[in-house]
Amino acid sequence: MENTVLHKAATRGHANHGWLDSYHTFSFANYHNPERMHFGVLRVLNDDRVEAGMGFGTHPHDNMEIISIPLEGDLEHQDSMGNTAVIKKGDIQVMSAGTGISHSEYNRNKDKLTKFLQMWVFPNKRNVAPRYDQITLNEADRHNKLQQILSPNADDEGVWIHQDAWFHMGKFDNGVSTDYTIKKEGNGVYAFVLEGDFTINGISLNRRDGLGVWDTEKLDITAASENAEILLMEVPMALRQF
């Protein structure tokens, strides 16, 4: 189909460092694919498994919006702004790196894995003041519907970032359908299947598959298995920074 890109789970970049097992939808670290540099302003989509007691040492970021979503276990965060926090399944964390921030991320548990997604989004403003936030979501609010978890607006549902982006998560019973309407002209949507199977605009997707769609007004989404979970990331397709 025109204006779509399908990334099957098995075609992602993969790096197993022992303590970290990571799948990269887009080029990252030692995985470089010139055809998979980004989807609009969505630069990184990493699917990470961190072994018990292990993690990422202190490292810097700047001029990037960084979103983390735990899928299993706990992740302890510390940063150069003095924040120490733990995020767990049901939480969403956001950092605006802006002029510069250093942070570390660790699996604080000694006996079980932590699994989480991390997305990097190019901001629409450079050199903003660094910022950290996290919230706990009510996962029941995404049963057979899409729950907004991120937007450009601080007073809206979910966390907010410096970009005209909207993220939603949903968990659906088999056969349940919904639709998603693009919120801003010029945006596209990258759908990432967390669990189960879906059909989006007639395209079949399985666990950890990704589908990018642009130049459209609406997505038609149907769950094709029980307890099917999905993440939708609406982002601007044009790279503009002010």
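Residue indices follow the written sequence of each chain, beginning from 1 at its first position. Confidence filtering applies because this is a predicted model: local features only for residues at pLDDT of at least 70, side-chain atom pairs given and counted only at 80 or more, and all residues used for totals across whole chains, interfaces and linings. In computing side-chain properties, one takes all heavy atoms of the structure into account and sets aside hydrogens as well as water.

Caption draft 1: Up close: the environment of Leu137. Helix and strand definitions follow DSSP, with helices as H or I runs of at least four residues and strands as E runs of at least two, each counted in order from the N terminus. Along the polypeptide, Leu137 turns up in the loop between strand E12 (131-136) and strand E13 (146-151). The exposure class of Leu137 is buried, given its relative accessible area of 14%. Counting along the chain gives 20 residues from Leu137 to Glu157, while the straight-line C-alpha distance between them is 9.7 Å. Apart from the residues within four sequence positions on either side, Leu137 is in contact with Gly90, Ile92, Arg142, Gln147 and Ile149. Buried means the residue's accessible area, taken with a 1.4 Å probe over protein chains only, is under 20% of the maximum for its type, while exposed means over 50%, and partly exposed covers the values in between. When checking whether two residues touch, look at their non-hydrogen atoms; a contact exists if any pair is within 4.5 Å.

Caption draft 2: Geometry of the sheet that holds strand E21 (residues 218-223). Should DSSP find at least two bridges between two strands, the strands are taken to pair. Pairing within the open sheet is antiparallel, and its 4 strands lie in the order E16-E21-E18-E19. At either margin of the open sheet sits one strand with a lone partner, and together these are strand E16 (177-181) and strand E19 (203-205). In this sheet, adjacent strand axes meet at a mean angle of 25 degrees when their direction is disregarded. As judged from the 3 bridges shared by strand E18 (residues 198-200) and E21, these two strands associate in the antiparallel manner. Residue Thr199 lies in a different strand from E21, and its bridge partner there is Thr222. Geometry is summarised by axes, namely lines fitted to C-alpha atoms with helices restricted to the contacting stretch, and by angles between N-to-C directions that run from 0 to 180 degrees.

Caption draft 3: Expanded view of the nonpolar core. Residues enter a nonpolar core if they are buried and are Ala, Val, Leu, Ile, Met, Phe, Trp, Tyr or Cys, with the set joined through side-chain atoms within 4.5 Å. Residues Leu42, Ile67, Ile69, Met119, Ile149, Phe167 and Met233 are the most contacted members of the largest nonpolar core, which totals 27 residues. If we skip the residues at most four places from it in the chain, Ile69 touches Asp91, Ile92, Phe116, Leu117, Met119, Ile149, Met169 and Leu231. Core analysis: the second largest hydrophobic core is formed by 20 residues, Ile182, Val189, Leu211 and Ile221 among them.

Caption draft 4: Structural context of the sheet that holds strand E15 (residues 166-172). With mixed pairing, 7 strands are arranged side by side in an open sheet as E1-E20-E17-E22-E15-E13-E14. Here the strands that pair on one side only, and so sit at the sheet edges, are strand E1 (4-7) and strand E14 (159-160). Bridge count between strand E17 (residues 187-195) and strand E20 (residues 210-213): 4 bridges; the pairing is antiparallel. Bridge assignment links Phe192 to a residue of E20, and that residue is Gly210.

Caption draft 5: Layout of the pattern of salt bridges. For salt bridges, the criterion is a side-chain nitrogen of Lys or Arg within 4 Å of an Asp or Glu carboxyl oxygen. For the coordinates displayed, the defined rule picks out 12 salt bridges. Between Asp209 and Lys8 there is a salt bridge, with the nearest N and O atoms lying 2.6 Å from each other. In this pair, Asp209 is assigned in the loop between E19 and E20 and Lys8 in the loop between E1 and strand E2 (13-16), connecting sequence segments 201 residues apart. Taken together, the shared-partner salt bridges connect Arg12, Asp47, Glu195, Arg207 and Arg208 into one network.

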